[in-house]
Every structure is written in C-alpha cells, then in structure tokens.
Amino acid sequence: MIAKKGGNTQLKRVLSVTERVRFLLYKKGKGELDMEFETKCLHAGYEPKNGEPRVVPIVQSTTYKYDSAEEIGQLFDLKASGYFYTRLANPTTNAAEEKIAALEGGVGALCTSSGQAATFFAVLNILEAGDHLVSTTSIYGGTYNLFAHTLKKMGIEVTFIDQWSSLEELQQAVQPNTKAIFAETIANPALHVLDIEKFATLAHENQLPLLVDNTFATPYFCRPIEYGADIVIHSTTKYLDGHAVQTGGVIVDSGKFDWNNGKFPQLSTPDVTYHGLVYTEAFGPAAYLAKARVQLMRDLGATPSPQNSFLLNLGMETLAVRMDRHFENAKKVAEFLQERPEVSTVSYPTLATDPSYELAQKYLPNGLCGVVSFEIAAGKEQAAKFLNALTLVSLQVHVADIRTCALHPATSTHRQLSEEELKEVGISAGLVRISCGIENINDILVDLQQALEQLEG
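Here's what I pulled together on the structure shown here. What you see is a predicted model; the values in this text were computed from it and never measured.

Glancing now at the side chain of Thr 237. Looking at where Thr 237 falls in the secondary structure, it is placed in the loop between strand S6 (231-235) and strand S7 (249-253). Looking at Thr 237, its side chain comes within polar contact range of the main-chain nitrogen of Gly 248, at 3.0 Å. Leave out the neighbours within four places in its chain, and Thr 237 touches Gly 242, Gln 246, Thr 247, Gly 248 and His 398.

Take a look at the structure:
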C-alpha cells in the first residue's frame, strides 16, 4: 500500500484511488470535488467501469486471492496497494469511506463498527498513558464515560471544560502533556453549538489537533474542517445511515495538521511493527489516518461488516433530502413546544432565545438537525408520563432516525452519570430529547399535543 521513499509524486501514484488504496480516499483533479453536495451523496466513492454493477456491490469476503507469496508480502509491508484482509480494508466499506471523505472535505476516512469505536480510535491514535486530553462538558453520555473513566484506567487524563468560556479561560486547561482538544458541533443532548473557530484557535496555538464530533450536524449542514477542525468523527448509526439499520462510526482526516511538530512521536518516529516505517514520511497528509488503519484497526479490530457498509452507503445517498425535512420538522416542533405551558424550556438553536442562536447563524446557517431538547416543568415523573402517552412517536434508545422518537436522557443514554456529572453536561431530571423524523409535521404535533394534555398541572 505504500512506498517508503520517492516523495510526493510517488505517494500520489501508490496511494491513488484508481489503485483502490484506502488512504487518500477522494479523487483530486478528477472533477469529483466540483460536484454539488447532493450529487456527491449519490456519486462519490464509487465509479463502476463498463459492465460493472451500477450500485455498490456487497463484497462479503474476509480475504482476497493473490498469485504469489511475494505479492502478499508486499501488501503486509505496506509497499503495494490492494486488499488482503477485510479487517483492514474491504471494497464495499472503501466506497462508503470515500464518499464520507468527499462530503466532509478530508483526505480520507476510516469506518469503524460503531461511533464509540470511532471516538476511541481517534483519541487513542495520538494519546497514550501519561498524556492528557481536553474536552468540552457538553458531549454524549457514552463519550463522557469513555473519557472520564475508561481512558483514566489507561493512564490518560481528561479535563472537561465549559465551551462558553473565553479563550483565555480555556487556555488554563491545556497542560504540557495535552495532545488534543475534543468537542461536538452540536452537543447531544444539550444542543449547544460549538464555536469551532475559537476552539481551533485554542488547539492550534498550542500545536494540538482539534477533534470534532459532527454527528448531529452532518456534513450537509456543517463541515468543521472548513472552520479549522483537524479530525472529524461521526456515529454513522445516526443521520448518515438515517434508517436505524446498521451501527457504525467514521473518522475523517483533514490532512492539514502538522504531525511533525514534536508532540506526536507515534506518527513521526519509526513503528517497529512495520520495520521502522515512519507514518509522516510514508503517508504525508494521510499519516494520521494510515496509522489508525494499519495499527489500531489491525490490533483492535473494530471493523464494520460489508453488509453494514452497504446499508450506510445506501442511507447516505438520500442524506441531503432527509436532512432538510428533519430540520424543517424540528424547527416547527421547537416553536410548538415553546408555546406550551407544560414545557419550561426548549433548546433548539433556531429560537432567538437559545444561547446558541448566534453561533448557529454563523456555523449552521442552512439548518441544524432533527433533535429538540425540552424540559417538562413538573419534573421527572411527569416527563415519564409524557413519554408513556406518546403513540406515533416511539420511545427508544436512538436518535437521528427517519421515524420520530423520544427519550429521557437522565434515565437512559446518560444513566451512568452521577447527579453532579448530569449537571455538568446540562441534563436535568425533566429533560426530554425528541428526534424529529420525516413524517408529516401535523401528525407529529398532534401526538405531542395529546401527550402533553395528559400531564397534571
């Protein structure tokens, strides 16, 4: 998959998409980057040749046949391009990776078996025991647990910060051993919008990469790389799939961060498991992604199945169409809830009263997501009664589906958090998260109204 020497020209030759290599995953100079977003959703990542299937085929095979032992040896030494084991690369998964890279504007992408795996790989790729991570508090509960507890067991310390703090205040959280800054474009479920440029400034002034989870916004509404993010993460289980039929995650590499600044020996010094290969020398702008694939995926194996990659690719083909409807419905739901006496607060950044309103106008001017968070005024018991009264809207542990669903975060997705931690991430006892699907808005509103009318007081 790689030549150790030869400069940029040889890098492009060996790592070109036409040779089906997994690292530089979108075409440069082939016209693909000139396509509009909606067209990329349909056409990026896979170009059938004459007589080949028009739809991305499912390559349901763990292995690939070669004619000689020498060829296989070259593959394992990363000196030649090609597939050799589906844990590292698969044609169906590769098509999904190339599409996502094109949509986000990165040099490449790596799909994983879940969003949690993507976040874990993204961090572990550049942090090890003794290192330090800075993260905002407004993040998904599973990510909070990963950072606050699991990483701590591995010797990685995490400092949580309030994303509304000034740049000067945020700087105080950065330590000599800090290796990355992490945040979410739209926080789950608080729906706080990240000031991406402020956090990119914090990261880059300290020679650190900014890692941004863009699951809720999707690249249709926001592309964090354009505002300075270095690594973008998704739970593809959510909007990129959109149909609740597969679990997956993805890491997108911008290819813009300088990993040779002395802080990241994992990338800039020899890897003994590949006979002294140096990722920054061998892979150039795709060094981070290459290491994540050939080292972490090799060793930890959080590989998506070809079937799931096929379903993911199928879902992404309608991403642009779906996101417009998700946003349209969520905006109307937020406005409806804001007028209800049973509801004390509504979080949705299109509302002028929302603390993220101005940031949403800057970073998400064309739309947000389908998720609305609101608080039942009477508290936890009445929030449960409201959820139990819903008929069309389903009560399920999911979000970002084509079907409208609702959830009580304090007793589900964030159940493992302590009372103090719940307060830190902005979750109250009466908070309800509703994920607006693409049904007719009138049917959604009728169901919400009848459930609210059953509450006492």
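Attention now goes to the packing of aromatic side chains. Counting across every chain of the model gives 15 aromatic pairs. Between Tyr 64 and Tyr 83, the aromatic rings sit 5.5 Å apart at their centres with planes inclined by 35°, giving tilted as the arrangement. Here Tyr 64, found in the loop between helix H2 (37-43) and helix H3 (69-76), pairs with Tyr 83, found in the loop between H3 and helix H4 (91-104); they are 19 residues apart in sequence, far enough to count as distant. In this structure, Tyr 64 and Tyr 83 share a single accessibility class: buried. Between Phe 221 and Phe 327, the aromatic rings sit 5.8 Å apart at their centres with planes inclined by 65°, giving edge-to-face as the arrangement. In this pair, Phe 221 is assigned in helix H9 (residues 218-221) and Phe 327 in helix H14 (residues 319-338), connecting sequence segments 106 residues apart. An identical accessibility class is assigned to Phe 221 and Phe 327; each is buried.

So, on to the nonpolar core. Note that soluble globular proteins tend to have their nonpolar side chains buried in a common cluster. By size, the foremost hydrophobic cluster in this structure holds 83 residues, and its most contacted members are Val 333, Val 372 and Phe 386. Here this core gets nine residues from one element, more than from any other, and that element is H14. Residues Leu 88, Ala 118, Phe 182 and Tyr 279 belong to the second largest nonpolar core, which totals 46 residues.

In this section: the sheet that holds strand S3 (residues 157-161). Pairing is mixed in the open sheet, where seven strands are placed in the order S1-S7-S6-S5-S4-S2-S3. The two strands at the open ends of the sheet, each matched to only one other strand, are strand S1 (108-112) and S3. Along the sheet, successive strands turn relative to each other by an average axial angle of 20°, direction set aside. Both strand S2 (residues 132-136) and S3 contribute to a ladder of five bridges, which runs parallel.

Each neighbour pair has its own omega, and for Asn 188 with Pro 189 the value is 5°, a cis peptide bond. Considering the arrangement of structural elements, one finds Pro 189 in the loop between strand S4 (178-184) and helix H8 (196-205). The backbone of Leu 78 sits at a positive phi, close to 60°, despite the residue not being glycine. With respect to the helices and strands, the residue Leu 78 is situated in the loop between H3 and H4. Accessibility expressed as a relative area gives 1% for Leu 78, which makes it buried. Although it is not a glycine, Leu 191 adopts a positive phi angle of roughly 65°. Tracing the sequence through the fold places Leu 191 in the loop between S4 and H8. On the basis of relative accessible area, Leu 191 is assigned to the buried category, the value being 1%.

Reading guide: rules and limits
- Residues numbered from 1 in each chain as written.
- Predicted model: local features only at pLDDT ≥ 70, side-chain atom pairs only at ≥ 80, totals over all residues.
- Heavy atoms only, no water.
- Helix = DSSP H or I, 4+ residues; strand = E, 2+ residues; numbered from the N terminus.
- Polar contact = N/O pair within 3.5 Å; in protein donor to acceptor, adjacent residues only side chain to side chain.
- Contact = heavy atoms within 4.5 Å.
- Phe/Tyr/Trp six-rings, centres within 6.5 Å; stacked < 30°, edge-to-face > 60°.
- Buried < 20%, exposed > 50% of the residue type's maximum accessible area, 1.4 Å probe, protein only.
- Core = buried A, V, L, I, M, F, W, Y, C linked by side-chain atoms within 4.5 Å.
- Pairing = 2+ DSSP bridges.
- Axes fitted to C-alpha atoms, helices over the stretch in contact; angles between N-to-C directions.

None of this, on its own, says anything about what the molecule does.
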